[in-house]
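Take a look at the letters that make up each chain.
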Amino acid sequence: MTINQALIAATQKLQKNKISSPNMDAEILLLHILKKPREYLFTYPEKKLTKIQIINYKLQINRRIKGEPIAYITRHKEFYGLDFFVNKNVLVPRPETELMVEEVLEHVTHNTQHTTIIDIGTGSGCVIISLAKLLKFEIRNQPARGWSASGGKSKIRYLAADISSKALYVAKKNAKFHGVNKNIKFLCGNLLEPILNNLKHLNNPKNLTIITANLPYGWNSWKNNCSMDTIGLKFEPPIALFTENRGLKIIENFLKQIKQIINSQKINFNSNLLLLIEFDPRQTIMLKKLIKKILPNAKFQIKKDLRGYDRLARISI
Ligand SMILES: C[S@@+](CC[C@H](N)C(=O)[O-])C[C@H]1O[C@@H](n2cnc3c(N)ncnc32)[C@H](O)[C@@H]1O
């Protein structure tokens, strides 16, 4: 069987099984088997595949037909232009989460304060690693933009936490791959609890603290109503996706932790705390109510994603 024949057969099979992007998926999986760049498919369409390659390709096409996300089959996902390793212990990074990275970049590049960036529910580490890598590059190349290299020492601290030690294993692997493992401290535990044991990172009131939180916000009726487009969710770790109270329970707990920290005066944020929380557009009204109830003095804005849907709560305290 040649490359061209394999592609045609796989595309037809995926199409017949209602996979939404059959051409692209057939190409990505074949390239994954061949370990070649995309041009190879069109330069050598008559090249014969080996028996092993054909068997592996058929196995992978069958996994895709059952709805498994392509990222779990290839073990890679691109996020913010960077390549991330993923496995079944982490959520596949979503394009809409890139908005969170954009917001942080926007905020820190216009700010000269020492900064701590904390990523809660880090999963594959895509958010904090993208930030650490991009800001490292920014500091090295554009010291004039307010981020002096200060003798080669970055003015930004990076902390990342997750309740799943298996997810943290993946995040650390990705940090190493991107050369930022020495810049990020990874901690295991419930929401901010592991960070509170590392208060030395936070309690300088002159520092800016930014917390990114893409926590689980899926809910039961959504889970049970999986269409062909969302069927891949059943392959992802439930701990990364679902929670009670119409998907807002964990975000509510997180906001309550912030309130407790402020009330206990353990940390003096001194108007220097920025929270970025991702959510589902159908939760906007409920989330606004929660923020007003738990953090009545906070200023907040809702940001839309590229498709025009409410996606990010930006809370300043
Ligand atoms: C929606 S995933 C997001 C992963 C990653 N930030 C991303 O954007 O791809 C949520 C992550 O939160 C973690 N998580 C769930 N409950 C948590 C909790 N109570 N405390 C800390 N992390 C939690 C999950 O293990 C999962 O990795």
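Structural data are supplied above this passage.
Since we're looking at a predicted model, the values are computed, not measured.

Caption draft 1: Geometry of the pairing of strand β5 (residues 184–188). Two strands pair when backbone bridges link them, and strand β4 (residues 156–162) and β5 are joined in this way by five bridges, in the parallel orientation. By the bridge assignment for β5, Ala160 is matched with Phe186. Traced from β4 through helix α8 (residues 165–177) to β5, the parallel crossover comes out right-handed.

Caption draft 2: Fine view of the nonpolar core. Counting 32 residues, the largest nonpolar core has Ile120, Ile211, Phe254, Leu255 and Leu275 as its most contacted members. Sorting the residues of this core by element identifies β3 (115–120), β4, β6 (208–213), α13 (249–264), β7 (273–278), α14 (284–294) and β9 (310–316) as the ones contributing at least two each. Top element by residues in this core is α13. It accounts for five residues. Beyond its immediate sequence surroundings of up to four residues, Ile211 is in contact with Ile118, Ile120, Leu192, Phe254, Ile258, Leu273, Leu274, Leu275 and Leu276. Phe84, Val101, Ala171 and Ile184 belong to the second-largest nonpolar core, a separate cluster that totals 31 residues.

Caption draft 3: Quick peek at the pairing of β3. Burial runs high along β3: six of the six residues are buried. Side chains Thr115, Ile117 and Asp119 of β3 all project onto a buried face; the interleaved residues Thr116, Ile118 and Ile120 project onto the opposite face, where all are buried too. Looking at chain direction, β3 and β6 are connected through six bridges and run parallel. Paired with Thr116 across the strands is Thr209, a residue of β6.

Rules behind the numbers
Residues numbered from 1 in each chain as written. Predicted model: local features only at pLDDT ≥ 70, side-chain atom pairs only at ≥ 80, totals over all residues. Heavy atoms only, no water. Pairing = 2+ DSSP bridges. Helix = DSSP H or I, 4+ residues; strand = E, 2+ residues; numbered from the N terminus. Right-handed = clockwise from strand over helix to strand, strands pointing away. Core = buried A, V, L, I, M, F, W, Y, C linked by side-chain atoms within 4.5 Å. Buried < 20%, exposed > 50% of the residue type's maximum accessible area, 1.4 Å probe, protein only. Contact = heavy atoms within 4.5 Å.

Such coordinate-based values are descriptive only and should not be taken to indicate function.
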